[in-house]
Amino acid sequence: TFTGLDFGYYVMSPDVAGTNVERDAMLVNVIKQNEDTVILKSVFPTVDKTVENKNHASAQVGDEVTFTLTSKLPDAAGCGAYIFKFKDELSAGLTFVDSSVKVQIEGEQGPVDAQLYTVTKDTPKKGNLVIELSDYLTNYQKYVGNKITVTYKALINEDAAALDKDNPNKATVEYSNDPTTGGTGTSNPSIVHTYTFGFDIDKVDGSNKQTKLEGAVFELQTEGGDKISLAQVQDGVFRPAKKDEGPVADDQVKTDSNGRLQFVGLKEGIYQLVETVAPDGYNKLAKPIKVIISATYNDDGMLNTWKAYVENGSAQDGTHVIEVQNNKGALLPETGGMGTVIFTIAGIAI
């Protein structure tokens, strides 16, 4: 509010502190003591970013996730040239998928011809991805005010294979804001978050839980029973293998001398843990163990809480250690196994 001004013309030049946004100066004619409110007439480009149509997602190493950038096409009338770029900063856990960019303008039936924009990236992994609209005045000025949507895919890579590690992805738009000097402004960033999770196995003796069991071999499966191919991160730590890498041998996925085995790089969901080889002197588990990974998020997409636990069990937030017990003792012979053959022969002899 300005008071005590003499009547006359004043230049009002808004200053938006803390941002790169500049607003047009306005000429205001003060002709009375109680002047009406002056409405800022400038509208500047903004961007809204989502991952899988939300501000957060959980994904498994090797998965491809879809990112969406949305803005409105600004009015560039009177400019000799106009720059409009989507700029996206990928974290180290995300790898841009080449040729996955699609641009769509509201009201148009098909996507924008790929020759009408350019796509550049700094590095295959961490770096800036830039989608620039080519010859804006010729190709896009006619769509002023229409929504423009850019989608692309990124691969969750091995750098994301850590428990509850955030893989943020930040987008802005850069646009011309001074036709006389060619200067540009940058919108406030829009940030989304992508997480991976996992769990540990603690293999113990069923009668003495202080005794840790080495050498139990496990297979990790989806809820539907499909085997998940695994790659080794380090001793005793495994993640889902990517399409371009060979999985480790099945017998390598086993508990160490401390009875521990860890899986990382997993998304929220239900998994089946199948024991294929029991520790020496112990019975193999009769059925798979179902492990559930669940998470909650804040309004801004940042992770709030998460946990991994056995189906029908409970766990405190942050818990991700699954205790698995084995017992000693003899098992009855399986139906159709050698045990029944021996009994059959003995019966015939009698």
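All values reported here derive from a predicted model rather than from experimental measurement.

**Focus: the overall build of the chain**
Argument step 1. Of the regular secondary structure elements, the chain holds two helices and 23 strands.
Argument step 2. Buried positions account for 40% of the 350 residues belonging to the chain.
Argument step 3. When contacts within the chain are restricted to residue pairs at least 6 apart in sequence, long-range pairs at least 24 apart make up 65% of them.
Argument step 4. By element, 49% of the accessible surface of the chain is carried by carbon and sulfur atoms, the whole surface being about 19500 Å².

**Quick notes on the sheet that holds strand S21 (residues 289-297)**
Argument step 1. Judged by pairing direction, the sheet is antiparallel, and its four strands sit side by side in the order S16-S20-S21-S22 without closing on themselves. In the strand order of this sheet, the two ends are held by strand S16 (217-222) and strand S22 (303-310), each with one partner. Pairs of neighbouring strands in the sheet enclose a mean axial angle of 25°, with direction left out of account.
Argument step 2. Summarising the sheet, S16 and strand S20 (residues 269-277) pair through six bridges and their orientation is antiparallel. In the strand pairing of S20, valine 217 is matched with valine 277.

**Overview of the packing of aromatic side chains**
Argument step 1. Under the counting rule described, the total for this entry stands at 10 aromatic pairs.
Argument step 2. Their ring planes at 25° and their centres at 5.4 Å tell us that phenylalanine 67 and tyrosine 152 sit as a pair that is stacked. Taken together, the residues span a long stretch of sequence, with phenylalanine 67 in strand S5 (residues 64-72) and tyrosine 152 in strand S11 (residues 147-156) at a distance of 85 residues. In terms of burial, phenylalanine 67 and tyrosine 152 fall into one category: buried.
Argument step 3. Ring geometry for phenylalanine 84 versus tyrosine 136: centroids 6.1 Å apart, planes at 40°, classification tilted. One end of the pair, phenylalanine 84, is in strand S6 (residues 84-90); the other, tyrosine 136, is in helix H1 (residues 136-139), and 52 residues separate them in sequence. Tyrosine 136 shares its class with phenylalanine 84; the two are buried.
Argument step 4. A cation sits over an aromatic face here: lysine 307 above tyrosine 309, 5.4 Å from the ring centre.

**Let's talk about the pairing of strand S8 (residues 102-105)**
Argument step 1. Judged by which residues are buried, S8 turns out to be one-sided: Val103 and Ile105 face inward and are buried, whereas Lys102 and Gln104, on the alternate face, are not.
Argument step 2. Relative to S11, S8 is paired through four bridges, and the arrangement is antiparallel. The residue of S11 that forms the bridge with glutamine 104 is threonine 149.

**Looking at the pattern of salt bridges**
Argument step 1. Inspection of every chain in the model, using the stated rule, returns 12 salt bridges.
Argument step 2. Between glutamate 174 and lysine 87 there is a salt bridge; the shortest N-O distance is 3.4 Å. Residue glutamate 174 is found in strand S13 (residues 169-178), and its partner lysine 87 is found in strand S6; the two are separated by 87 residues along the sequence.
Argument step 3. Assessed through its relative accessible area of 28%, lysine 87 is described here as partly exposed.
Argument step 4. We note a salt bridge from lysine 212 to aspartate 202, for which the minimum N-O separation is 3.2 Å. Placement of lysine 212 in the loop between strand S15 (190-205) and S16 and of aspartate 202 in strand S15 is noted, with a sequence separation of 10 residues between them.
Argument step 5. Of the residues examined, aspartate 202 reaches a relative accessible area of 10% and is grouped as buried.

**Considerations on the side chain of glutamate 275**
Argument step 1. Mapping glutamate 275 onto the fold places it in strand S20.
Argument step 2. Residue glutamate 275 is classed as buried on the basis of its relative accessible area of 5%.
Argument step 3. There is a polar contact of 2.5 Å between the side chain of glutamate 275 and the side chain of lysine 203.
Argument step 4. Engagement of the side chain of glutamate 275 in a polar contact is seen with the backbone nitrogen of leucine 285, the distance being 2.7 Å.
Argument step 5. Setting aside residues up to four positions removed in sequence, glutamate 275 forms contacts with Lys203, Ala216, Val217, Phe218, Asn283, Lys284, Leu285 and Asn326.

**Let's talk about unusual backbone geometry**
Argument step 1. Positioned with a positive phi, serine 99 is a non-glycine residue whose angle comes to about 65°.
Argument step 2. Considering the arrangement of structural elements, one finds serine 99 in the loop between strand S7 (94-96) and S8.
Argument step 3. According to the relative accessible area criterion, serine 99 is exposed, its value standing at 75%.
Argument step 4. Positive phi is not limited to glycine here, since aspartate 135 has a value of about 45°.
Argument step 5. Looking at the element boundaries, aspartate 135 is found in the loop between strand S10 (127-133) and H1.
Argument step 6. We classify aspartate 135 as partly exposed; its relative accessible area is 48%.

The rules behind these values
- Residue positions are given per chain, counted from 1 along the sequence in the order it is written.
- The predicted origin of the model limits local features to residues at a pLDDT of at least 70 and limits the giving and counting of side-chain atom pairs to 80 or more, whereas totals for whole chains, interfaces and linings rest on all residues.
- Where side-chain values are given, they derive from all heavy atoms of the structure, hydrogens and water being excluded.
- Numbering of helices and strands runs from the N terminus, with a helix taken as a DSSP run of H or I at least four residues long and a strand as a DSSP run of E at least two residues long.
- Here the term buried applies to any residue with accessible area under 20% of the maximum for its type, exposed to any over 50%, and partly exposed to those in between, with areas from a 1.4 Å probe on protein chains only.
- Contacts are assigned to residue pairs that have any heavy atoms within 4.5 Å of one another.
- Residue-level accessible areas treat just the shown protein chains as cover; the underlying method is Shrake-Rupley with a 1.4 Å probe.
- Two strands pair if DSSP finds at least two bridges between them.
- Here an angle of 0 to 180 degrees is reported between the N-to-C directions of two axes, which are lines fitted to C-alpha atoms, with helices fitted over the stretch in contact.
- The aromatic pairing rule takes the rings of Phe, Tyr and Trp, using the six-membered ring of Trp, and pairs them if the centres are within 6.5 Å, calling planes under 30 degrees apart stacked, those over 60 edge-to-face and the rest tilted.
- We call a charge positioned above a ring when the Lys NZ or Arg CZ atom is no farther than 6 Å from the ring centre and deviates by at most 35 degrees from the ring normal.
- Salt bridges are identified by distance alone: a Lys or Arg side-chain nitrogen within 4 Å of an Asp or Glu carboxyl oxygen.
- Under this definition, polar contacts are N or O atom pairs within 3.5 Å; protein pairs additionally need one hydrogen-donor-capable and one acceptor-capable atom, and for neighbouring residues in sequence, both atoms have to be side-chain atoms.

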